[in-house]
Amino acid sequence: MTIAPGSIEDERSGWGLASTVLRIAPFRLLITGQIAGQAADGLLQITMAQVVLFEAGRGATPWEIAKLLVVSLLPFSLIGPFAGVLIDRFDRRRVLVIASVARALVAAGSIAVIALDSQALGYAALLTMLSISRFVLAAKGAALPVTTQSRHLVTANATSSIGGMTAAFFGAVVGATFVAVVPVVGLLAAAAGYAVAAAVFRRLPSVGGGEAAEDLGAGLRRVAAELAEGARFSVQTASVRRPLLAVMGNRLLLGVGFVVLVLVADERYELEAPGYGLAVAGTGVGAFLGTWLAPQLAATLHRRPLLPLMFVVGAVAAVVGAFAPYLVPFVAAVGLAALGFQVIKVLADALIQEAAPDVVRGRVFAIYDMLYNVAFIGAALTLVPLWEPGRESALLEALAVAFVVVGLALAASARTWPFPLRRRGSTRAPHRWRFRFAAAAAGTIPALAFPDANIWPLGFVGLAPALWLVCEAPTAREAGWRGWFAGSGFIAATHQWLVPTTGVFTLPAALLLGVLWVPWALVAWQLLGRRRTPCRLAAAAVFVPATFVVAEYFRSWDRLGGPWGLIGSTQWHNDVILSAAAVGGVWLLSLLLVAANTALAGLLLRRGGRGTRRTAVAAFVAAVAMLAGIGAAGGQGEVVDTMVVAGVQPGVVHDPHARFDAGERLTAQLAGRSLDLVVWAESSVPFDLDGSPEHADRLADLARRVGSPLLVNVDAPRHDGAGIAKAAILVGADGVEARYDKMRLVPFGEYIPLRALLGWIASVSDAAAEDRRPGTDLVVMDVAGHAVGPLVCFESAFPDLARLLAERDTDVIVLQTATTTFQGTWAQPQHAALAALRAVESGRTVVHASVSGVTAAFDPAGNRLLWLEEGPETTWEVTVPIVRGSTLYVRWGDWVPVGAILVLLGGALGVGVRAARRGSPQSGPVSQSDPVPAATAARSRDPGAVPGPGAG
């Protein structure tokens, strides 16, 4: 069939061109049938997903989602390349009609799947339907050039893609809203949609086909060989390989966010529509917006640096999703990640089209299609071993890091922003090692602000010498080296008490953790190492502290040793400054202290100018004033009652049985006093009380004689063979009443990571010969009508644990610790000082009970109620206030590090966009055809997929 030329003119607008091609009757019929079929595709897919595969829309797991994605997406990748060989052998119009009728029959027949409640039949029906749809779409693609003029093919393809994606999206959204209630209607509506498609296709004139001269087997072998050739070309050609990897990497990471959204929506929220439909809707909206935004960005920015920048958008989305307590921002975050992915995809389409010669372009895009869908399936499979309810925040935090790392790797491979960094002068600084060791020495200065030295003003100024050395470095590379050495010196100095137990391993650990200071040093050098203006110093006062806090936040991961030596904890006994922790936790103290240090360093730098010095003084004063005044906003709550807590401190007793006897003897001395609770320190009981009833009876009898329950701590193998756990156990007059197993264990102390590989460390250190078993949740214990939240040793270093106990209406937080291994070192006063931070942050009294000292107690204002130094065996008693109310830190959580992360990502986006502007030297060379045409932006090679997982 031929199309009469007529008098059609090419309009300038995309919408005008679309309306032009839609006035051509055969094309209009073809697109109408396609839209009806793809709307039915989306409706049927979401119906089967919600009703059969996810048990009426609930109980989704990563494995179930992975199976659904395999069935939904692989037909488009595996069948698509070979479909053309088959459909060319038959009349295309008949293929379109018969396939649509077959889809209608499958949809109607799926009612039996619901009646039988068979998951296997559900997968089979969905796979059959989508495989047939692949033939329909292939036949449509082959017929489309016959239905319009060649000069309108780009517009016709774009119109077809947008129409198909829109239809599939709205079919899925409509299905998600009602099929969980009346699933049969969804299946019947899908069958009706396919029937409409068949009726419309039947009205088409002849659109070719049925003239294939090639043998079928030969055709299939030819396609397989061409796919292999396309794969080789893609791997060997960097200009094709990079955008392909960008799309694959971002789609894999987007898939993780998509699956987590499905799981969280089903697990946490009571929704009428299941999470799968919600995730499809969120990613579909993001994909539409990204399709619209891509040509706007490409009109002013180079595409090569724009690709890694979109990974920063994904990182922002992951951070928002990790810390958003509500569903709406979570969905919006996943939609934002989908927007960033769609921009990458549209730009990658154009880059690959330009880089791949016409003779291999189709094969390259066939490989592209396969990788595109396999990446999304891989995301679900990745989560199969990682997912646990309640673990979504940690997974999304890791996802944010992955976005940044993959984006940086992509930028490094393409040598685009932020690589290479601009350098000033020679890459080899004179006397560089002298300055690096000086930086390491300067890094030790802030350690003197911690206990036992307690020179707290160094918290405001102690970092400035190291920062000055960093900013005076001649190159960014040298600044990074100095930052690494300064960080290593700081870690070594604040953890020097570890040397007797860890020996030679202390230095490698310090060097490892010191790496986290490198980004801080690079940011400081970029802002203050070259031009030193008031504006740059003001920016440094924001971005340098933000980078430092983010480094502290990541260092606080328990697998890296936990949040020991945070710069904010230097103000633990400065009541005026400490009160700010009630607003933003120790993170706010660190942020403002580093801001003060940054301002001071700016004042000391050479070539600063009078305006810069005035700005430095103003920034320093502002940081100190904020520290002194911001705490008033947090509030300390209302004292409603008191509680009398006593305890025993047996001293350094290495024999655990002798320690138990000493605790029993000292506790007996407390009889006759009016006590609410008696606390024993960590590892005070070497028996499993469940498996040793005689010892449990002894403790219960002791509780009756003293007149108050005992909070003891067991460090012993479980009688049921479940391993060793550090457990805080409440023993009353009638026996064991409650138990809490320590959740955060000391790495290379209470357990050895990868023990099969690193177990030898136990033979050269004090690491446990057998790993302790971690607990799974916090516990609040009822003690004489008061709620007591126990923590064990290392756990007092973590701000989030005390905050979570306060969220659960705990009245008093009790920490049991030993620390006898480090008797006489800075470890014990440093550890006890952390109780002051946790008390102010949580708005709850914190009691820190030690075997041999320091034993301490602090009220919610940070006032010291008890401080019992190291010494011989003794008992202690303290009356602590019960406070009602909630601090801003308890209500808002870790908003300071989250805000710091977002500030840094926002700054990276801003600087990256500026660097990517046309004409920027960091953008790199690009072709003259760099702008992405609107038709290219609208292009979708996978129009048949539901816009969520298959958003093409």
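As the structure is a computational prediction, the values presented were derived from the model and not from experiment.

Undergrad: Can you help me understand the pairing of strand β5 (residues 735–741) in this one?
TA: As paired strands, strand β4 (residues 724–732) and β5 are joined by six bridges and run antiparallel to one another. Its bridge partner lying in β5, Leu730 is registered against Ala738. What sits between the antiparallel neighbours β4 and β5 is a turn of two residues.

Undergrad: What am I meant to see in helix α33 (residues 895–916) here?
TA: Quick reminder: α-helices carry 3.6 residues per turn. Residues three or four places apart thus point the same way. With 22 residues, α33 should cover 32 Å at 1.5 Å per step; its first-to-last C-alpha distance of 31 Å lies within 8% of that length. The complete set of buried residues in α33 reads Val896, Pro897, Val898, Ala900, Ile901, Leu905, Gly907, Gly912, Ala915 and Ala916. If you follow the buried residues of α33, they end up packed against α11 (275–300), α12 (303–323), α15 (392–414), α23 (534–555) and α25 (581–604).

Undergrad: Honestly, the environment of Thr166 in this entry has me stumped. Any pointers?
TA: Assignment of secondary structure puts Thr166 in helix α7 (residues 153–178). For Thr166, a relative accessible area of 24% translates into the label partly exposed. As for Thr166 and Ile35, which are separated by 131 residues in sequence, their C-alpha atoms are 8.3 Å apart.

Undergrad: It is not clear to me how the pairing of strand β9 (residues 845–850) should be interpreted in this structure. Could you clarify?
TA: The two faces of a sheet get side chains in turn, since along a regular strand they alternate between them. Taken across its six residues, β9 has six buried, putting it largely inside the fold. Because side chains alternate across β9, one face comprises the buried residues Thr845, Val847 and Ala849, and the other comprises Val846, His848 and Ser850, equally buried. Summarising the sheet, strand β8 (residues 812–817) and β9 pair through six bridges and their orientation is parallel. Paired with Leu815 across the strands is His848, a residue of β9. Following the chain from β8 across helix α31 (residues 827–842) to the adjacent parallel β9, one finds a crossover that is right-handed.

Undergrad: I tried to follow empty space enclosed by the protein on my own but got confused; where do I start?
TA: Over the atoms, a rolling probe the size of a water molecule traces out where space has been left empty. One pass over the full model with this rule turns up four cavities of 30 Å³ or more. Looking at the largest cavity, its volume works out to about 80 Å³. Taken together, 15 residues form the lining of the largest cavity, with Gly257, Ala318, Val334, Ala337 and Leu399 sitting closest to its centre. Elements with a minimum of two residues in the lining of the largest cavity: α10 (238–268), α12, α13 (327–355) and α15. Classifying every residue of the lining of the largest cavity by side-chain character gives twelve nonpolar, three polar and no charged.

Undergrad: I'm lost on the packing of aromatic side chains in this one. Help?
TA: Within a pair of aromatic rings, the relevant descriptors are the distance that separates the centres and the angle that separates the planes. All told, the structure shown has 28 aromatic pairs when counted by the stated rule. An angle of 75 degrees between the planes, with centres 5.5 Å apart, marks the rings of Tyr553 and Trp587 as edge-to-face. In this pair, Tyr553 is assigned in helix α23 and Trp587 in helix α25, connecting sequence segments 34 residues apart. We note that Tyr553, like Trp587, is buried. Through a chain of ring-to-ring contacts, the aromatic side chains of Trp433, Phe437, Trp481, Trp484 and Phe485 assemble into a single cluster. Its guanidinium or amino end placed over the ring of Trp481, Arg436 lies 4.2 Å from that ring's centre, counting from NZ or CZ. If you follow Arg864 out to its NZ or CZ, it ends over the ring of Trp867, 4.7 Å from the centre.

Undergrad: Would you mind going over the pattern of salt bridges with me for this structure?
TA: Oppositely charged side chains can pair when the atoms bearing their charge come close. According to the stated counting rule, one finds 25 salt bridges in the structure shown. Of the charged contacts in the structure, one is a salt bridge between Lys726 and Glu682, with a shortest N-O distance of 2.7 Å. In this pair, Lys726 sits in strand β4 while Glu682 sits in the loop between β2 (677–679) and α28 (693–706), placing the two residues 44 residues apart along the sequence. Judged by its relative accessible area of 7%, Lys726 is buried. Residue Glu682 is classed as buried on the basis of its relative accessible area of 4%. The closest approach of N and O atoms between Glu750 and Lys726, which form a salt bridge, is 2.7 Å.

Undergrad: When you look at the sheet that holds β5 in this model, what are you seeing that I'm missing?
TA: For sheets, the rule is that strands pair by backbone hydrogen bonds, running either parallel or antiparallel. Strand order in this open sheet of six strands is β5-β4-β3-β2-β1-β12, and the pairing throughout is mixed. Both edges of this open sheet fall to β5 and β12 (874–884), since each of them pairs with a single strand only. Averaged over neighbouring strand pairs, the angle between their axes works out to 35 degrees when direction is ignored. Two elements, β2 and strand β3 (residues 710–717), share two bridges in a ladder whose sense is parallel. Paired with Val678 across the two strands is Leu710, which belongs to β3. Sheet strands in contact with helix α27 (residues 656–668) are β1 (638–649), β2, β3 and β12, and its direction is about 125 degrees off that of β1. On the sheet, α28 packs against β2, β3, β4 and β5 and is oriented at approximately 40 degrees with respect to β4.

Undergrad: Would you take a moment to explain the nonpolar core for this structure?
TA: Soluble globular proteins: nonpolar side chains tend toward being buried together. By size, the foremost hydrophobic cluster in this structure holds 177 residues, and its most contacted members are Met643 and Leu677. Excluding residues that lie within four positions of it along the chain, Leu677 makes contacts with Met643, Val644, Val645, Ala646, Ser708, Pro709, Leu710, Leu711, Leu730, Val783, Val788 and Val814. The next biggest cluster of nonpolar side chains, apart from the first, holds 31 residues, and it includes Ala464, Leu513, Leu527 and Leu528.

Undergrad: What is the right way to look at the side chain of Ser796 in this model?
TA: Positionally, Ser796 belongs in the loop between β7 (786–792) and α30 (799–807). Excluding its chain neighbours within four sequence positions, the residues that come into contact with Ser796 are Leu815, His831, Leu834 and Arg838.

Undergrad: Help me out: how do you make sense of a nonpolar patch on the surface in this one?
TA: Where nonpolar side chains cluster on the molecular surface, the patch consists of Leu603, Leu604, Val617 and Val621 and spans about 320 Å² of accessible area. Every element with two or more residues in the nonpolar patch is listed here: α25 and α26 (610–629).

Undergrad: Hey, could you run me through the sheet that holds strand β6 (residues 781–783) in this one?
TA: Taken in spatial order, the six strands line up as β6-β7-β8-β9-β10-β11 in an open sheet, and their pairing is mixed. Of all the strands in the sheet, just β6 and β11 (864–868) have a single pairing partner and so form its edges. Direction aside, neighbouring strands of the sheet carry axes that sit 20 degrees apart on average. Where α30 meets the sheet, its contacts fall on β7 and β8, and the angle it forms with β7 comes to roughly 165 degrees. Contacting β8, β9, β10 (855–858) and β11, α31 crosses the sheet at an angle of about 160 degrees to β9.

Undergrad: What is the right way to look at the environment of Val260 in this model?
TA: Among the structural elements, Val260 can be located in helix α10. Owing to a relative accessible area of 0%, Val260 belongs among the buried residues under this scheme. Once the C-alpha coordinates of Val260 and Leu395 are considered, the two residues, 135 residues apart in sequence, prove to be 8.4 Å apart. If near-sequence neighbours (up to four positions away) are discounted, Val260 is found in contact with Phe330, Leu383, Glu392 and Leu396.

Undergrad: Sorry, what's going on with the packing of α30 against α31 here?
TA: Between two packed helices, what matters for the description is the angle formed by their axes and the separation of those axes. The interhelical angle for the contact between α30 and α31, taken along N-to-C directions, is 40 degrees, at an axis separation of 9 Å. With respect to their mutual orientation, α30 and α31 come out oblique. Remark: the crossing between α30 and α31 carries right-handed chirality. Residue-level contacts link Pro799, Ala802 and Ala806 of α30 to Arg838, Glu841 and Ser842 of α31. Residues belonging to the contact of α30 with α31 are distributed by class as follows: three nonpolar, one polar and two charged.

Undergrad: For this particular structure, what's the right way to read the packing of α25 against α33?
TA: At a minimum axis separation of 7 Å, α25 and α33 run at an interaxial angle of 50 degrees. Considering the angle they form, α25 stands oblique to α33. Facing α25, whose interface residues are Val583, Gly584, Trp587, Leu588 and Leu591, α33 presents Trp895, Val896 and Pro897. Of the residues belonging to the contact of α25 with α33, the class tally is seven nonpolar, one polar and no charged.

Undergrad: Sorry, what's going on with unusual backbone geometry here?
TA: Backbone phi values are negative for most residues with the exception of glycine, while trans is the configuration of most peptide bonds. A cis amide bond links Pro451 with the next residue in sequence, Asp452, at an omega value of 15 degrees. Tracing the sequence through the fold places Asp452 in the loop between α16 (432–443) and α17 (458–461). One non-glycine residue with positive phi stands out, namely Arg415, at about 55 degrees. Turning to its location among the elements, Arg415 is positioned in the loop between α15 and α16. For Cys793, which is not a glycine, the phi torsion comes out positive at approximately 50 degrees. Turning to its location among the elements, Cys793 is positioned in the loop between β7 and α30. According to the relative accessible area criterion, Cys793 is buried, its value standing at 13%.

Criteria and thresholds
- Residues numbered from 1 in each chain as written.
- Predicted model: local features only at pLDDT ≥ 70, side-chain atom pairs only at ≥ 80, totals over all residues.
- Heavy atoms only, no water.
- Pairing = 2+ DSSP bridges.
- Helix = DSSP H or I, 4+ residues; strand = E, 2+ residues; numbered from the N terminus.
- Expected span 1.5 Å × (residues − 1).
- Buried < 20%, exposed > 50% of the residue type's maximum accessible area, 1.4 Å probe, protein only.
- Contact = heavy atoms within 4.5 Å.
- Right-handed = clockwise from strand over helix to strand, strands pointing away.
- 1 Å grid on protein atoms, 1.4 Å probe; cavity = no way out; pocket = protein on both sides within 12 Å on 5 of 7 lines; lining within 4 Å.
- Points joined across faces, edges and corners; volume = space filled by probe spheres on them.
- Nonpolar A, V, L, I, M, F, W, Y, C, P; charged D, E, K, R; others polar.
- Phe/Tyr/Trp six-rings, centres within 6.5 Å; stacked < 30°, edge-to-face > 60°.
- Lys NZ or Arg CZ within 6 Å of the ring centre and 35° of its normal.
- Salt bridge = Lys/Arg side-chain N within 4 Å of Asp/Glu carboxyl O.
- Axes fitted to C-alpha atoms, helices over the stretch in contact; angles between N-to-C directions.
- Core = buried A, V, L, I, M, F, W, Y, C linked by side-chain atoms within 4.5 Å.
- Patch = residues over 30% accessible without salt bridge, like charges linked within 9 Å, V, L, I, M, F, W, Y side chains within 5 Å.
- Areas by Shrake-Rupley, 256 points an atom, 1.4 Å probe, with all protein chains shown as cover.
- Parallel < 35°, antiparallel > 145°, perpendicular 65-115°, else oblique.
- Left-handed = near helix turned anticlockwise from the far one by under 90°.

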